[in-house]
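Structure assessment
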Amino acid sequence: MVEPTTPTDAEVIGASLADPTRFGEIFTRHHDAVYRFASRRVGAGEAADITAEVFLRALKGRHRYHLDRPSCLPWLYGIGVNVIGDHLRRVKRRSRIYLKAQEPALSQDDFTTPLVDRVDAESAAPSLNQALGRLGRKDRETLLLFAIDRLTYSEVAQALGVPIGTVGSRIQRARRKIIEQIPDLRQITGHGGTDPEKESRDD
Amino acid sequence: MTETSLHPVDLALRAVTTTFEPSRADFELSRVKLMDAVSSASSPSSVRIRIAWATAVALLVVLAVSLIQTASTSPAEALITELAEVAEVTDPLVIPDDLFAYTQTEATVLMEVDPESLEGVEIPHDSLAYGLPQTRETWMGDEGTARLSTTYFRPVFFSSADEAAYYAAGLDQRDRIGETVTETQPDASGVLDEMDWPTDPVELETRIRSLVGDTDLEVLETSLKLLRETLIPPRLRTAVLLVIAGLDLELVDESPDGAGTFSVSFESPEPKRWTFTLDATGYLRFEELILVDGDPDRGVPPGTAEYTADYTAPRLVDSADLP
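Residues numbered from 1 in each chain as written. Chains lettered and ligands numbered in written order. Predicted model: local features only at pLDDT ≥ 70, side-chain atom pairs only at ≥ 80, totals over all residues. Heavy atoms only, no water.

1. Quick look at the nonpolar core
Core analysis: the largest hydrophobic core is formed by 64 residues, its most contacted members being Leu76, Leu143 and Ile178 of chain A. Leave out the neighbours within four places in its chain, and leucine 76 of chain A touches Ile26, His30, Val34, Val54, Phe55 and Ala58 of chain A. Counting residues in hydrophobic clusters, the runner-up holds 34 residues, among them Trp197, Leu224, Ala245 and Tyr311 of chain B. (Core = buried A, V, L, I, M, F, W, Y, C linked by side-chain atoms within 4.5 Å. Buried < 20%, exposed > 50% of the residue type's maximum accessible area, 1.4 Å probe, protein only. Contact = heavy atoms within 4.5 Å.)

Have a look at this one:
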């Protein structure tokens, strides 16, 4: 007996063009990831509304989804970047990351980042966030999608609708500008960093 | 890639960022909103399709689709689609051997200079930004050879500090302010020659999205690049106009001078607003790309134009007019 296979995101979205109720499967699969994505930028207080808006826009624009891309998470993150951008403009705030110091919370990263790095880096958090705020919006979003949302270069390219080479150049430029503003960051994190030329583009 | 091989910036960002987990209430709140929208998207007509007699329903659907398409066509889309039909039957521009197609462009371009290029001169922003007004005259021959003559004018600054830094760093010499620079390009066909652009609008849009970028802003940017080309063939101009018509455009000004021109604007999530004017034969006459929020990093105030340009229609001139 052949086991039924789970349809890909692309297959579900394709089916939802004729039957919009199928889009609920996309919501169930990715709600939590999109919520976490939003919470890293706006905190828990606003993440739920942002998440709801992401899925509403995704439903409305699903006919434009590239059905040759099996996973739709980068697409949802790309919509999320725009939703958060609109939200921050309305409340006249600049895009940053939501710092641990802003609110006590359980963090996924608490369990994956070495403790010594975390403690030292947290001391640099305010200046790091300030440096992020000084980056151009495109460079900042590209870096954050790669660094904190952990997308690959090609997924970031899908999310933002830019060529993969643009992703690489934006990330390198953003890192360079941050290091220029926080020269001690290499010492704080205890790493000399990777050679950009040797860094694998897709992990 | 392992954690320890990460770039220190990435590592620091991961270390200081907070991630929250959604509650059941968060999930339900979003789910209810989405299901409401799903209900609206499931139109009654699609339900009828499944249950009614095939022939009768097919007729109803055809009628419904016609009505929806008529009702949902924006004024901008309708005008550009109409224009595309005119452009297709407009005679292509043919340049005889001994003549040139002459165009003039008056533009202002937002320039940016990195601090490293300022030779130690202090600026109050991350980089120095200013508008550089210029007039460009182009004489294009029948095989794409062009003579370009560009005159640069005094820049537009956003603060007196920016202006002082600009002159202190000698950038007016670099920008050749007040000079007219003439050059000859053996092949000025630009984006037209980059590839064999399809003349079917659906294929054209697919090609642009796959090769250049998938955002509507990138589609519009490439489409306008093609429209700027003096020697664009009528069928390609028609396809480009139909691609543009499919974007989410707003009609802002229609035939103010009675010459058949109209202006439309496009709001990008960037946020940028692109406004452009087309004449009665589908030629680009004006365009302006506005940075809605400006760019505080560069001291650029909200509403500043990143690029603005007025174009004249091409006219044939004698070689004696060459500079």
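2. Focus: the environment of leucine 128 of chain A
The residue leucine 128 of chain A is located in helix H6 (residues 125–134) in this model. Residue leucine 128 of chain A is classed as buried on the basis of its relative accessible area, which comes to 0%. Sequence spacing of leucine 128 of chain A and leucine 185 of chain A is 57 residues, and the spatial spacing of their C-alpha atoms is 8.8 Å. Here leucine 128 of chain A is in contact with Ile178, Ile182 and Leu185 of chain A together with Ala12, Leu13 and Val16 of chain B, once residues within four sequence places are set aside. (Helix = DSSP H or I, 4+ residues; strand = E, 2+ residues; numbered from the N terminus.)

3. Things to note about the layout of surface pockets
Residues and elements named next belong to chain B. For the second largest pocket, the calculated volume is near 700 Å³. The wall of the second largest pocket is formed by 25 residues, among which Thr105, Arg136, Thr138, Arg228 and Tyr311 lie closest to the centre. Elements with a minimum of two residues in the lining of the second largest pocket: strand S1 (99–113), strand S2 (128–140), strand S3 (146–152), helix H9 (216–228), strand S9 (284–291) and strand S10 (304–311). Class assignment for the residues of the lining of the second largest pocket results in 12 nonpolar, 8 polar and 5 charged. (1 Å grid on protein atoms, 1.4 Å probe; cavity = no way out; pocket = protein on both sides within 12 Å on 5 of 7 lines; lining within 4 Å. Points joined across faces, edges and corners; volume = space filled by probe spheres on them. Nonpolar A, V, L, I, M, F, W, Y, C, P; charged D, E, K, R; others polar.)

4. A word on unusual backbone geometry
Of note, arginine 150 of chain A is a non-glycine position whose phi angle comes to about 65°, a positive value. Mapping arginine 150 of chain A onto the fold places it in the loop between helix H7 (137–147) and helix H8 (153–160). On the basis of relative accessibility, which here comes to 32%, the residue arginine 150 of chain A falls in the partly exposed class. Positioned with a positive phi, arginine 176 of chain B is a non-glycine residue whose angle comes to about 55°. Along the chain, the position of arginine 176 of chain B falls in the loop between helix H7 (171–174) and strand S5 (180–185).

5. Considerations on the pattern of salt bridges
Taken as a whole, this structure holds 23 salt bridges over all chains when the rule is applied. Between aspartate 175 of chain B and arginine 174 of chain B there is a salt bridge whose closest N-O contact spans 3.2 Å. Here arginine 174 of chain B falls in the partly exposed class, since its relative accessible area comes to 46%. Through salt bridges with shared partners, one network takes in Arg40, Arg41, Glu141 and Asp149 of chain A. (Salt bridge = Lys/Arg side-chain N within 4 Å of Asp/Glu carboxyl O.)

6. Side note on the pairing of strand S8 (residues 272–278) of chain B
A regular strand places its side chains so that they alternate between the two faces of the sheet. Residues and elements named next belong to chain B. Of all the 7 residues making up S8, 6 are buried; the element is thus mostly covered by neighbouring parts of the structure. Here S8 pairs with S9 via 7 bridges, running antiparallel. Bridging across to S9, threonine 277 finds its partner in phenylalanine 286. (Pairing = 2+ DSSP bridges.)

7. Describing the environment of alanine 146 of chain B
Considering the arrangement of structural elements, one finds alanine 146 of chain B in strand S3. Sequence spacing of alanine 146 of chain B and threonine 184 of chain B is 38 residues, and the spatial spacing of their C-alpha atoms is 5.8 Å.

8. Notes on the side chain of aspartate 9 of chain A
One can find aspartate 9 of chain A in helix H1 (residues 9–18). In this view, aspartate 9 of chain A contacts Ile26, Arg29, His30, Pro70, Ser71, Cys72 and Leu73 of chain A; residues no more than four positions away in its chain are not counted.

9. Points about the packing of helix H2 (residues 23–42) of chain A against helix H2 (residues 24–41) of chain B
When two helices pack together, their arrangement is given by the angle between their axes and by how far apart the axes lie. Look at H2 of chain A against H2 of chain B: their axes get within 11 Å of each other, and the N-to-C directions meet at 145°. The handedness of the crossing between H2 of chain A and H2 of chain B comes out as right-handed. Two secondary-structure elements touch here, H2 of chain A through Phe23, Gly24, Phe27, His31, Asp32 and Tyr35 of chain A and H2 of chain B through Asp26, Phe27, Ser30, Arg31, Leu34 and Met35 of chain B. Residues that form the contact of H2 of chain A with H2 of chain B fall into these classes: 6 nonpolar, 3 polar and 3 charged. (Axes fitted to C-alpha atoms, helices over the stretch in contact; angles between N-to-C directions. Left-handed = near helix turned anticlockwise from the far one by under 90°.)

10. So, empty space enclosed by the protein
Residues and elements named next belong to chain B. Under the defined criterion, the tally for this structure stands at 2 cavities of 30 Å³ or more. Approximately 60 Å³ is the volume found for the largest cavity. Lining the largest cavity are Ala87, Thr90, Asp91, Pro92, Leu93, Ile232, Pro234, Arg237, Thr281 and Tyr283. Its residues assigned to classes, the lining of the largest cavity shows 6 nonpolar, 2 polar and 2 charged.

11. Quick notes on the confidence of the model for chain A
All names here are of chain A. Here chain A averages 77 in pLDDT, while 72% of its residues score no lower than 70. Taken together, the stretch residues 101–119 has pLDDT below 50 and engages in 35 contacts with residues farther than four places along the chain or on a different chain. Taken as a whole, residues 191–203 scores under 50 in pLDDT and shows 33 contacts with residues more than four places along the chain or in a different chain. (pLDDT = per-residue confidence, 0-100.)

12. Details of the packing of aromatic side chains
Under the definition given, this model contains 11 aromatic pairs over all chains. Plain terms: the ring middles of phenylalanine 27 of chain A and phenylalanine 27 of chain B are 5.1 Å apart, the flat faces sit at 50° to each other, and that makes the pair tilted. Of this pair, phenylalanine 27 of chain A sits in helix H2 while phenylalanine 27 of chain B sits in helix H2, which puts the two residues in different chains. Side by side, phenylalanine 27 of chain A and phenylalanine 27 of chain B carry an identical accessibility label, which is buried. In this structure an aromatic cluster arises from ring pairing among Tyr130, Phe157, Tyr166 and Tyr167 of chain B. The ring of tyrosine 283 of chain B carries arginine 237 of chain B above its face, with NZ or CZ at 3.9 Å from the centroid. (Phe/Tyr/Trp six-rings, centres within 6.5 Å; stacked < 30°, edge-to-face > 60°. Lys NZ or Arg CZ within 6 Å of the ring centre and 35° of its normal.)

13. As for the side chain of aspartate 26 of chain B
Assignment of secondary structure puts aspartate 26 of chain B in helix H2. Here aspartate 26 of chain B is buried and forms no salt bridge, its nearest opposite-charge partner lysine 33 of chain B lying at an N-O distance of 9.9 Å. (Lys, Arg positive; Asp, Glu negative; His and termini not counted.)

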